[in-house]
Amino acid sequence: MSPSPPSLLLADPRFGRAFQLQVQAAREFHARAADIAGDECPIGPLDPDSLRVERNFFSTLFLAVTDAMVPASRYLPLYAMVNQAMRAWVTACDNVLDDEYKEIFPFTAAGQGRRMRSVLTLLLADRVLVEFALDRFGDAQRVRQIGRRSLAALVPSAVQESEEEQRDGDVAPVELVLEDIHNRKTGDLFVAPLAVPIAIESQDPARADAAKTALRQFGLACQVLDDINDLPDDLRAGRHNLLASILAHRLNCVADLGPLRRLLGVAWSADRRFPEACELAWELAADRFARSFDNLELLGLPLVIDDRRQIVNFMCHLLRVSPPARLWPMERSA
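Counting starts from 1 at the beginning of each chain's written sequence and moves along it residue by residue. Two thresholds apply to this predicted model, a pLDDT of at least 70 for residue-level local features and 80 or more for giving and counting side-chain atom pairs, whereas whole-chain, interface and lining totals are computed over all residues. The side-chain quantities take in all heavy atoms of the structure and omit both hydrogens and water.

Caption draft 1: Broad picture of the overall build of the protein. The secondary structure listing takes helices from DSSP runs of H or I that are at least 4 residues long and strands from runs of E that are at least 2 residues long, numbered from the N terminus. Across its full length, the protein holds 14 helices and zero strands. Counting all 334 residues of the protein, 51% fall into the buried class. Within the protein, counting contacts between residues at least 6 apart in sequence, those at least 24 apart form 75% of the total. Accessible surface, the protein: about 15600 Å² in total, of which carbon and sulfur atoms supply 52%. Three labels apply to residues, based on accessible area from a 1.4 Å probe with only protein chains included: buried if under 20% of the type maximum, exposed if over 50%, partly exposed otherwise in between. In this analysis, two residues are considered to be in contact whenever any of their non-hydrogen atoms come within 4.5 Å of each other. We get accessible surface area from the Shrake-Rupley algorithm with a probe of 1.4 Å; when it comes to residues, only the shown protein chains can shield them.

Caption draft 2: Looking closely at the packing of aromatic side chains. For this analysis, a ring pair means two rings from Phe, Tyr or Trp (six-membered ring only for Trp) whose centres lie within 6.5 Å, classed as stacked if their planes differ by under 30 degrees, edge-to-face if by over 60, and tilted for the remaining angles. Counted under the stated rule, the structure contains 14 aromatic pairs. Here the aromatic rings of F29 and F105 are separated by 5.6 Å at their centres, their planes lie at 20°, and the arrangement is stacked. Within this pair, whereas F29 is found in helix α2 (residues 13–37), its partner F105 is found in the loop between α4 (76–98) and α5 (114–137), the two being separated by 76 residues in sequence. Through successive ring pairs, a cluster of aromatic residues spans F57, F58, F62, F190, F218, F289, F293 and F314. When the ring centre of Y75 is taken as origin, the NZ or CZ atom of R74, which lies over that ring, is 4.4 Å away. Cation placement over rings: the criterion is NZ of Lys or CZ of Arg within 6 Å of the ring centroid and within 35° of the ring normal.

Caption draft 3: Region of interest: the pattern of salt bridges. What makes a salt bridge here is a side-chain nitrogen of Lys or Arg within 4 Å of a carboxyl oxygen of Asp or Glu, nothing more. Throughout the structure, instances matching the rule amount to 20 salt bridges. Salt bridges here are not isolated pairs; linked through shared partners, they connect E28, R32, D135 and R136.

Caption draft 4: Structural detail: the environment of I311. With respect to the helices, strands and loops of the structure, I311 is situated in helix α14 (residues 305–318). On the basis of relative accessible area, I311 is assigned to the buried category, the value being 6%.

Caption draft 5: Spotlight on the side chain of R308. Looking at the element boundaries, R308 is found in helix α14. R308 sits in the buried class, given a relative accessible area of 3%. Of note is the side chain of R308, whose polar atom sits 3.3 Å from the side chain of E297. In this structure the side chain of R308 is engaged in a polar contact, spanning 3.1 Å, whose partner is the backbone oxygen of L303. Within 3.5 Å is the distance limit for a polar contact, defined as a pair of N or O atoms, with the added protein rule that one can donate a hydrogen and the other accept it, and that residues adjacent in sequence qualify only through two side-chain atoms.

So this is what it looks like as structure tokens:
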């Protein structure tokens, strides 16, 4: 049975407010997209399933942290809409890069071409954000600022993806994957929702640092789990993967990707085939979860040990990774 969403998301008023704001933003984002697309590119009704907590966990976390960084800001609906646009941009770009299609807008008459639907998603999401910002928060200068800051926040991850397309196939050292590749690929992506509020509002520098650290470390922890799940796919595509780096550089199992790629002919899961490497990866993830939770406490979003464990178990569910035999306590990091 799948674990239920962490109870604090609904029980804690701060996370509860963030979730309700996220739901409102998702509804308005869809409604505006349908209005802008019109009869030329009609969009079907919003799927109620898309509003579940499970489908909005990260966006809710981003908004809760933003609210803690700039409390009671009148711009929170704007930040929620920026998050929706970023989510659409990132998903559409991933679709193109990975030759897949994860739907953002339920197009009903845009043909069956996956790449073209992703291009339409990029175009439409941009127009939704611009019109919302103009309608709700005014002048063209502000809209330009929002556009430039949101783009700049996503560029580091885009550059890393570009490098991934041209990599030589060598297995990168663990430290390089953690501190450079993951930081740009995912850490910067998780901090990106803070770019606009930091640009347009005054905030306590210490709170801003805590907010950025909380989101960055949470993203890095999730990327470690993602690498456990994605090892076969990453080997097939020649992408960097932390587990492959652990196997090559800490366990001395392989010198290059060749022996690992030869495993792709049969179905297997990383946690069963490489339990020692997965345990080392989990230690790294646990440390980053702990740093994230500690910084959430600094923002006034304390998480008792049971909350921390619930969230980590839920991330395992969302990222399709089996929890380890022993779950690290996720208590205060050293």
